[in-house]
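Single-letter residue listing:
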Amino acid sequence: MSRILLTGGAGFIGSHTAVAMIEAGHSVIIADNLYNSDEVVIDRIEKITGVRPDFRFCDVCDNNQVREIFRENEIDGVIHFAGYKAVGESSEKPLEYYRNNIDSTLTLLEIMREFGVCNFVFSSSATVYGPDNEPPYKESMKKGSCSNPYSWTKSMIEQILTDAAAANPDMSVMLLRYFNPIGAHKSGLIGEDPQGIPNNLMPFITQVAVGRREELTVFGDDYDTPDGTCRRDYIHVMDLAEGHLKAIELAMSSKGVEIFNLGTGVPYSVLEVIKAFENASGIMINYTIGDRREGDLPGLWADAEKAERMLGWKAVRTLDDMCRDSWNWQSKNPKGYKGDKK
Ligand code: WQD
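Note that the structure is a prediction, hence the values are computed from the model and not measured.

Side note on the overall build of the protein chain
- From N to C terminus, the protein chain includes 11 helices and 14 strands.
- For a compact globule of 342 residues, the expected C-alpha radius of gyration is about 20 Å, and the protein chain comes in at 19 Å, within 12% of that figure.
- Across its three principal axes, the protein chain shows a C-alpha extent of roughly 55 × 50 × 40 Å.
- Buried positions account for 55% of the 342 residues belonging to the protein chain.
- Carbon and sulfur atoms form 49% of the exposed surface of the protein chain, whose accessible area is close to 14,800 Å².
- Distance between charge centres in the protein chain, computed from 36 positive and 50 negative side chains, equals 3 Å.

Some thoughts on the pattern of salt bridges
- Taken as a whole and judged by the stated rule, the model has 23 salt bridges.
- Of the charged contacts in the structure, one is a salt bridge between Asp-296 and Arg-232, with a shortest N-O distance of 3.8 Å. A residue pair is termed long-range when its members are at least 10 positions apart, and Asp-296 in the loop between strand S13 (287-290) and strand S14 (299-300) and Arg-232 in strand S9 (residues 231-232) qualify at 64 residues.
- The exposure class of Asp-296 is buried, given its relative accessible area of 18%.
- Taken together, the salt bridges that share partners define one network made up of Arg-3, Asp-54, Arg-56 and Glu-72.

Notes on the sheet that holds S14
- In space, the 3 strands of this open sheet follow the order S12-S9-S14, with mixed pairing throughout. The outermost strands of the open sheet, each flanked by one partner alone, are strand S12 (268-269) and S14.
- Pairing between S9 and S12: 2 bridges, direction antiparallel. By the bridge assignment, Arg-231 is partnered in S12 with Ser-269.

Some remarks on the packing of aromatic side chains
- Going through the model one piece at a time under the given rule, you end up with 7 aromatic pairs.
- Between Tyr-35 and Tyr-84 the ring centres are 4.7 Å apart and the planes differ by 40°, which places this aromatic pair in the tilted class. In this pair, Tyr-35 sits in the loop between strand S2 (27-32) and helix H2 (40-49) while Tyr-84 sits in the loop between strand S4 (77-80) and helix H4 (87-92), placing the two residues 49 residues apart along the sequence.
- Between the aromatic rings of Phe-70 and Phe-115, the centroid separation amounts to 5.8 Å while the plane-to-plane angle is 40°, which identifies the pairing as tilted. With a gap of 45 residues between them, Phe-70 in helix H3 (residues 63-72) and Phe-115 in helix H5 (residues 94-115) connect regions that are remote in the sequence.
- Among the aromatic residues, those joined into a cluster by ring pairs are Tyr-35, Tyr-84 and Tyr-97.
- In this structure, Arg-292 is placed above the aromatic ring of Tyr-223, and the distance from its NZ or CZ to the ring centre is 4.0 Å.
- Here the guanidinium or amino end of Lys-306 rests over the ring plane of Phe-260, the centre of that ring lying 5.1 Å away.

Thoughts on the side chain of Asp-193
- The topology assignment puts Asp-193 in the loop between strand S7 (180-182) and helix H7 (201-209).
- Side-chain polar atoms of Asp-193 contact the backbone nitrogen of Tyr-337, separated by 3.0 Å.

Overview of H5
- Over its 22 residues, H5 extends 32 Å from the first C-alpha to the last, a length consistent with the 32 Å expected when each residue adds 1.5 Å.
- Where H5 is concerned, the buried positions are Tyr-97, Asn-100, Asn-101, Ile-102, Ser-104, Thr-105, Thr-107, Leu-108, Leu-109, Ile-111 and Met-112.
- Turning to H5, the residues buried within the fold contact strand S1 (3-7), H3, S4, H4, strand S5 (119-125) and helix H6 (149-167).

Details of the environment of Leu-300
- Residue placement: Leu-300 occurs in strand S14.
- Classification of Leu-300 as buried rests on a relative accessible area of 12%.
- Taking the C-alpha atoms as reference points, Leu-300 and Val-87, 213 residues apart in sequence, are found 16 Å from one another.
- Those residues in contact with Leu-300 that sit more than four places away from it in its chain are Ala-126, Pro-135, Tyr-137, Phe-179, Asn-180, Arg-231, Arg-232 and Asp-233.

Quick notes on the pairing of S4
- Of the two faces of S4, the one lined by Gly-77 and Ile-79 and the one lined by Val-78 and His-80 are each fully buried.
- In this structure, S1 lies alongside S4, joined through 4 bridges in parallel fashion. Bridge pairing in S4 links Leu-6 to Ile-79.
- Where S4 and S5 come together, 3 bridges link them in parallel fashion. Its bridge partner being in S5, His-80 is matched across the sheet by Phe-122.

Side note on the side chain of Asn-328
- Looking at the element boundaries, Asn-328 is found in helix H11 (residues 319-332).
- Among the polar contacts listed, one links the side chain of Asn-328 to the side chain of Lys-332, at a separation of 3.1 Å.
- Ignoring any residue separated from it by four or fewer positions in sequence, one finds Asn-328 in contact with Lys-186, Ser-187 and Gly-188.

Here's the deal with the site of the ligand
- Inspection of the region around the ligand gives 17 residues, with Tyr-150, Leu-201, Arg-232, Arg-293 and Asp-296 positioned closest.
- One of the backbone N or O atoms of Asn-199 is found 3.4 Å from an oxygen atom in the ligand.
- Within the side chain of Arg-232, an N or O atom sits 2.6 Å from an oxygen atom of the ligand.
- Its free accessible area being 690 Å², the ligand has 89% of it covered by the protein chains.
- For the shell around the ligand, the element with the most residues is strand S8 (residues 216-219), which contributes 4 residues.

About the criteria used
Residues numbered from 1 in each chain as written. Predicted model: local features only at pLDDT ≥ 70, side-chain atom pairs only at ≥ 80, totals over all residues. Heavy atoms only, no water. Helix = DSSP H or I, 4+ residues; strand = E, 2+ residues; numbered from the N terminus. Rg over C-alpha atoms; globule rule 2.2 N^0.38 Å. Buried < 20%, exposed > 50% of the residue type's maximum accessible area, 1.4 Å probe, protein only. Areas by Shrake-Rupley, 256 points an atom, 1.4 Å probe, with all protein chains shown as cover. Lys, Arg positive; Asp, Glu negative; His and termini not counted. Charge placed at Lys NZ, Arg CZ, Asp CG, Glu CD. Salt bridge = Lys/Arg side-chain N within 4 Å of Asp/Glu carboxyl O. Pairing = 2+ DSSP bridges. Phe/Tyr/Trp six-rings, centres within 6.5 Å; stacked < 30°, edge-to-face > 60°. Lys NZ or Arg CZ within 6 Å of the ring centre and 35° of its normal. Polar contact = N/O pair within 3.5 Å; in protein donor to acceptor, adjacent residues only side chain to side chain. Expected span 1.5 Å × (residues − 1). Contact = heavy atoms within 4.5 Å. Near = heavy atom within 4 Å.

Nothing here speaks to function; it is all geometry.
Right, dumping it as structure tokens:
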């Protein structure tokens, strides 16, 4: 059994990864400042697994708080989820995004070096491929130019981690490039709970379905795709979580840097996702066709071969599973985790 620190582990992907890690027999510490999550997630993880993860309220940019965690625990590895992640907001607040996302990573790396912890898994994003690469994206492709500060932080952190590993032969770094994570744990106890108006497609759909939003705006249907709407590689968040489990286990038995796409390799359009959701939930979704959203690409999806070959991991859940589990979470938590507040 290993003891793994999950920064941002109370968030959407972090909490699902915590469940997968605990169920695989690992011990988990969650460090989170609850900026974009809620402490009730810890109770929900315990309800699902029967094990209460060790939770530390922590600003990962604060080296005293992070050092305390390493001083009190024998940590074998770190999965770094903590970071601001709203694409649009990052263009309005670039300094906050660079400060928070880069600073937290540098703080973690400095404390890990102090304590001789060498295994690091990073929550990166397919956005680092940029607009110039043609899908399906392969890890060997050159990174592209990013269209917003959020994406640049992911690209820069990949470079920081690559350089840190080059300077320390004992380090093992896994850069996980996510495609479009959606869905929820099958219990419906944890799921995606964005603050404010959802930026992403699936939480917007589920909030329309549960009556929190009037209607969905489809951002453009005049793209060069079969039905005119953008195509994305949607991946079930539990498949993504299981990919992290494989990655941290590989990190603990290897050295150097590896990049992995975590996607299904199968793109679906916005209209296909709406249809699939309606079939899975039995609820019709009101939508109108609006203007294109700045920065959207017509299509992006993964070549997922390397993760299957080196991690022995492949996404197995279908779009129907993703839609059904998304709806199960939202219908059981119409107001998200806040609904639990007395
Ligand atoms: C998917 C499709 C939209 C909302 C982003 C980030 C990426 C990662 C995942 C963090 C697009 C369309 C959406 C809506 C719509 N984020 N859409 N109406 O943009 O592929 O990726 O989220 O890690 O880094 O870039 O995901 O869900 O926002 O959009 O029509 O109200 O749905 O135009 O075609 P995206 P998304």
